Structures are given as C-alpha cells and as structure tokens.
Amino acid sequence: MDEYSRFVDWDKMDVSSQSQDTKELTCTDLHELKQLARQGYWAKNHSLRAKVYHKLISNIPCRTVTPDANVYRDIVVKIIGKRNSSSLPLPEFVDNSLIPTYCLNAEGVGAVRKIILCIANQFPDISFCPALPSVIALLLHYSKDEAECFEQVCRILACNDPSKRLIDQTFLAFESSCMTFGDLVNKYCQAAHKLMVAVSEDVLEVYSDWQRWLFGELPMAYIARIFDVFLVEGYKVLYRVALALLKFFHKVRAGQPMESDSIQQDIRAFVRDIAKSVSPERLLEKAFAIRLFSRKEIQLLQMANEKALQQKGITVKQKSVFCVVFLRQNVHLAVHAENFKSEIVSVKEMRDIWSWIPERFALCQPLLLFTTLEHGCSLSRFYSHSEGHEPTLLLIKTTAKEVCGAYLSTDWSERRRGGNKLSFFGTGECFVFRLQPEVERYEWVIIKHPELASTGSETENHAQPASSTLSSSSIPSDPSDRLSPFLAARHFNLPSKTASMFMAGSSECIIVGGGDGQALYLDADLNHGRTSHCNTFNNQPLCSESFQISILEVWGFRD
C-alpha cells in the first residue's frame, strides 16, 4: 500500500473508507488545523495521516534530552535480545491484560511489547500509564519502523509544555483525572450519573474506566479519529469524547435491563460494539456539542483533586494487586447507617446527596455542625458553628414536610469581606436541591445555562435575584474572566473578582441560590424563609414561596 504499511493487517482495516487521492497538509494555523482535524481531513488517507502525525508530534515541545530512533536501535538488542517479546513481563505501569492490537499484523503485535519495554528503560519516572499500549499500537499503524514509533511516543511522553497535558504518567495524575471526569459527568451528564448511582455501589469505580473506554475498548476507526483531534487540541478532547460515550450509552440503553451484573462491563461492551449504534463522526459531533469548561478551568479542577489525594496520602497505586485503588469511598461507607443520624433526611437520602457532591469531598464522612433542635434558632450561632468548615451542607425541613437544602462550597466567614453590606461569594460547585415531595437537583445557572453568563445584567436577573447591593461592575461581563467556576479563588491566589457568587450572609438574613433560577432566603430568626423561582427553566419550585422552618441542620465534611 505505502511506506507506512509494515505493521498493518489490511484484512482487518476498512479499506473501503480509505482514499488514494494524493493530499498534502500545508496549513500551520492552529484554528484551521482544529477545523481540519475535526472534519477528518486526513482520516481517509493512510499515508497522509501518517505524515500529519509525524508533523504534529515533531512540533511538540520536549525536554532537551528526549530519546529518539537512534536510542531505540541501540537499546532494543540489549533489552530484548533474541528472546520472544511475548514471553517478557511488561512493566507494572501498564495493564498486561489490556494490550490493544487494533489492525496490527503479527509483527506489529510483537513490536508493541518491545517498544513498551524500551520506554520503561528510558522513562524510569513513569509509575502508572495505562494508555501507553494503545498509543503505541495506534502509532505503529502509521510508522515506517519500530524506531520511528518509539521516537514519536517518547516525544509525547517528554512534552514539557505546562499548558499542554497529553498522557497521564503517574497514579496521582490518573486518579485525579478520574475524579475530574466524575465531576464533569455530575455537571454535564446528570441522567447518566443518576443511572450510575442507582446501579453501582461505587460511582468512581465506574468513572475510573473512562480512559479504558478510549484507550482499550474503542475500535481502531474511532480511536484514530479521536487521536487526530487530540494531537491538535490536547487532553480536553478525551474528556469530551468520554462524556459523549456516556451520553450515548444512557440514550441507547435507557429503560433496558442490564446485560451483565456489572454496569462497568455493560459500558465496556457498549463501547466495543459502538459501531452498531454510533459512527465516529457522530461521536465527535456529540463530543464537541458539549459546552465544556475551558482548558484552564479543567486544569484548576484537576489541581484541586490532586491536592485532595495528596492530603489523603494517596499518590501511588498499591503494589499488591494491579487493579486501581478507587478513592471515592462507597457511599454506603461514607454515610454509614450506624454512624449517621439526622432529623431531616434518611440515610438513603443523604447517600443521594453524597452522589452529587464533588469527588474530592465524597472521600469524607458527614459531620453534624449545627441543628436548631440543639443550638436554637439563632443566626449568630449558625455562623459560629459553620465558620471554619468548607464545604458545608444545609438541610431544611418545613412545617409542611417539604425538605430542601444546598451544597455550599465556601466558608461562611467569607461574608465578612463585604463589611456591613450584603455581598455574594461562593463558587460554581454550589447547588440547591429538593428531596421532598420529589427529588430534584438544581444546577448553578451559569454552569447549566452558560448563555446567561454573557452579560452582567442577565446574570443578576437570573442567578442573583436578591443581590441589589451588587453593582454590575462586580460581575465579570465575560465568563472567561472567571478562571474557575468550580473553585474558590483563594485556593489558587486568584483575584477576588474571579470567584463566582452564590451565597450571601449578614446579621439579618442568609441568601443561597441561583441554580436554575432558584434562590432561597432565610430570615435572621431561622424560623421563616421564602424562595424565588424563575420560570425560564421550566422546573418545579424549590419549595413553597413562603414557608416556616421546622428543623434546620448544617453538616460538614470529616476526613
């Protein structure tokens, strides 16, 4: 076929989709490259794709000393010798049971293992890299020889551009990416997330498979199209595609009985057989239709998750077994029936709430900080018991038996920054919810409806109906100015204007809200409250427009 066919078994490749038209890629503009990659400009020409891969990878900024093809030729004889590579044990940082072969011939299958062993020799710092075999196998389809493939993979691994994340190479990076993916699913795939919570005892165990879906289960035609875009746009593309896979899984399997005893196995099987229901073009179209946060925002969320893991002392995988140690505690353990007692919610209801909170805090157990039954209906006592804790959970039961609440990401002491004025603070991870009479979670308005963040006036009208003390200048007119709608500004030493606004407190009242047009107001005596509901989003009110509080509780998070 061409000079890049040495390792390809053409009987396995879909030759009908390949074009023999002579094409060249001369553009260097990043925006134009993105468009061409998404459109599949080089996807149907094997030789052109090989040349584009070589060009894109050659432009990756790398460490000064990065192993190249000559290094491979020098070390492969010493490491492999005359032994059969299939008989040699692979390094612990890859899963020996998951080595994709795609459309490789016998020589190519053996070459994957040889390259992995040589990379282990040259990159001793790699401790966990489950995506590596897939990347090597894929690039072998578009390489002239093993040495060229080795050099390209090394350049990807040795990338030293801090803004250009490519492949996870440590357990900490991998596990924090799983937590980040779980957070994104919680925001963007709520229907699928609800299903995962219902059928799985450990949600993060399911989400920890997200890279396996891409670099292990997807057929060759799909991962190649994803890799086309990945080399141009980076890591964020992987999150997009994994979210799209989960959305399609939920859509196709909705209402159908599980095919196995494990939702993990069902998703894997769906991804393996995805050609039956979704084309590569449709998958990418769905992925890029998701209004995902910016690369900077996702990077900050990943940093927060890494920090949470480091604080837990979990930075390496256990060596006694290969399987990943999943860090989200089973909600049945985090909210244990024997240790949990609330006068407002049941154990099951608290477990439902726990499935909504960010992954890094789902590692913790609930800790009761304040209850009106014990501490009385005093706003000053509410503050004194709640301050110093971040995040917190507010639960309210009304005299009409309604139950609602809010997840509050920021310490209530932040209210003092506004002096005597009622000023808003908080982050985009905040949300309000209702448990009785029906369960409903209300997303923060700027997250679920980003089009409302385009102007300050719109944000004030919908997300902060009671923030009359705020000037329009205090709200960034461009949502991109808000470096992370997830995280508190103080976590990253960002200017205060980058913090989102969801909570407000003074000596006279508490205001929580903004989610889907919902806002909750509590008077100073903690006996009365009212809600504000915007009909724009066609949802049910949080609770009665005016209500009397029967019980109020504040919960913290205990390690």
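Fair warning: this is a prediction, and the values are worked out from it, not measured in the lab.

Reading the values: the criteria
Sequence order as written defines residue numbering, which begins from 1 separately in each chain. For this predicted model, a pLDDT threshold of at least 70 governs which residues receive local features, and a threshold of 80 or more governs which side-chain atom pairs are given and counted, while totals over whole chains, interfaces and linings are taken from all residues. Neither water nor hydrogens contribute to the side-chain values; these are computed over all heavy atoms in the structure. As used here, the term nonpolar core means buried Ala, Val, Leu, Ile, Met, Phe, Trp, Tyr and Cys residues forming a set that is joined through side-chain atoms within 4.5 Å. When a residue's accessible area, from a 1.4 Å probe over protein chains only, is under 20% of the maximum for its type it is buried; when over 50% it is exposed; and in between it is partly exposed. Secondary structure counts use DSSP, requiring at least four H or I residues in a row for a helix and at least two E residues in a row for a strand, with both numbered from the N terminus. An automatic or database domain assignment supplies the start and end points of every domain. Any two residues having at least one pair of non-hydrogen atoms within 4.5 Å are treated as being in contact. As used in this structure description, the phrase polar contact means that two N or O atoms lie within 3.5 Å; if the pair is within protein, one of them must be able to donate a hydrogen and the other to accept it, and residues adjacent in sequence are counted only when both atoms belong to side chains. Geometry of aromatic contacts follows a simple scheme: Phe, Tyr and Trp rings, the Trp one being its six-membered ring, pair when their centres are within 6.5 Å, and the pair is stacked under 30 degrees between planes, edge-to-face over 60, tilted otherwise. Throughout, the arc means the angular range of directions from the helix axis out to the C-beta atoms. Following DSSP output, two strands are said to pair if at least two bridges run between them. Cavity: a set of points on a 1 Å grid over the protein atoms alone where a 1.4 Å probe fits but cannot get out. Pocket: an open set with protein on both sides within 12 Å along at least five of seven lines, its lining residues, like those of a cavity, having an atom within 4 Å of a point. Grid points are joined across faces, edges and corners, and a volume is the space filled by probe spheres set on the points. Under this grouping Gly is polar, as are all residues other than the nonpolar Ala, Val, Leu, Ile, Met, Phe, Trp, Tyr, Cys and Pro and the charged Asp, Glu, Lys and Arg.

### Digging into the nonpolar core
By size, the foremost hydrophobic cluster in this structure holds 123 residues, and its most contacted members are Trp 42, Ile 119, Ile 136, Ile 156, Trp 210, Ile 226 and Leu 283. Of the residues forming this core, the biggest block, 11 residues, is contributed by helix α12 (residues 236-253). Viewed by domain, this core spans two of them, domain 1 (10-14 + 24-158) and domain 2 (171-329), each represented by three or more residues. Apart from the residues lying within four places of it in its own chain, the contact partners of Trp 210 are Ser 177, Cys 178, Phe 181, Tyr 235, Leu 238, Tyr 239 and Ala 242. Among the nonpolar cores identified, the runner-up in size contains 28 residues, and Leu 408, Val 432, Tyr 442 and Ile 510 belong to it.

### Focus: the environment of Glu 387
Structurally, Glu 387 can be placed in the loop between α19 (379-386) and β2 (392-398). On the basis of relative accessible area, Glu 387 is assigned to the buried category, the value being 19%. Considered as a pair, Glu 387 and Glu 414 are 27 residues apart in the sequence and their alpha carbons are 8.9 Å apart. If near-sequence neighbours (up to four positions away) are discounted, Glu 387 is found in contact with Asp 411, Trp 412, Ser 413, Arg 415 and Arg 416. A polar side-chain atom of Glu 387 sits 2.2 Å from a polar atom in the side chain of Arg 415.

### Overview of the packing of aromatic side chains
Using the criterion set out here, one finds 26 aromatic pairs in the structure. Summarising the aromatic geometry, the rings of Trp 210 and Tyr 235 are spaced 6.0 Å apart at their centres and angled 75 degrees between planes, so their arrangement reads as edge-to-face. You can see Trp 210 sitting in helix α10 (residues 210-217) and its partner Tyr 235 sitting in the loop between α11 (220-233) and α12, a full 25 residues away along the chain. Since its relative accessible area comes to 0%, Trp 210 is described here as buried.

### Here's the deal with helix α1 (residues 30-39)
Here α1 has its buried residues at Leu 33, Leu 36 and Ala 37. For α1, the angular spread of buried residues about the axis comes to 100 degrees, placing them on one side. In this structure, α1 carries His 31 and Gln 39 as exposed residues pointing more than 90 degrees from its buried face. Residues of α1 that are buried make contact with α2 (46-58) and α11. Where α1 begins, the capping side chain belongs to Asp 29, and its oxygen is found 3.3 Å from the backbone nitrogen of His 31.

### Topic: the pairing of β2
Counting buried positions along β2 yields 6 of 7 residues, so the element is predominantly enclosed. Linking two consecutive strands that pair antiparallel, namely β2 and strand β3 (residues 403-408), is a turn of 4 residues; a positive phi of about 70 degrees is found at Lys 401 within it. By the bridge criterion, 6 bridges tie β2 to strand β11 (residues 546-558) in an arrangement that is antiparallel. Bridging across to β11, Thr 398 finds its partner in Ile 549.

### Let's talk about the environment of Ala 269
Mapped onto the elements of the fold, Ala 269 is located in helix α13 (residues 263-272). Measuring from C-alpha to C-alpha, the distance between Ala 269 and Leu 218 comes to 9.7 Å, with 51 residues separating the pair along the chain.

### Overview of empty space enclosed by the protein
Taken as a whole and judged by the stated rule, the model has 5 cavities of 30 Å³ or more. Together, Asp 183, Asn 186, Lys 187, Trp 356, Ile 357, Pro 358, Glu 429, Phe 431 and Arg 441 line the second largest cavity. No other element matches helix α7 (residues 171-188), which puts 3 residues into the lining of the second largest cavity. Each residue belonging to the lining of the second largest cavity can be placed in one class, and the counts come to 4 nonpolar, 1 polar and 4 charged. No fewer than three residues from each of domain 2 (171-329) and domain 3 (347-452 + 486-558) sit in the lining of the second largest cavity.

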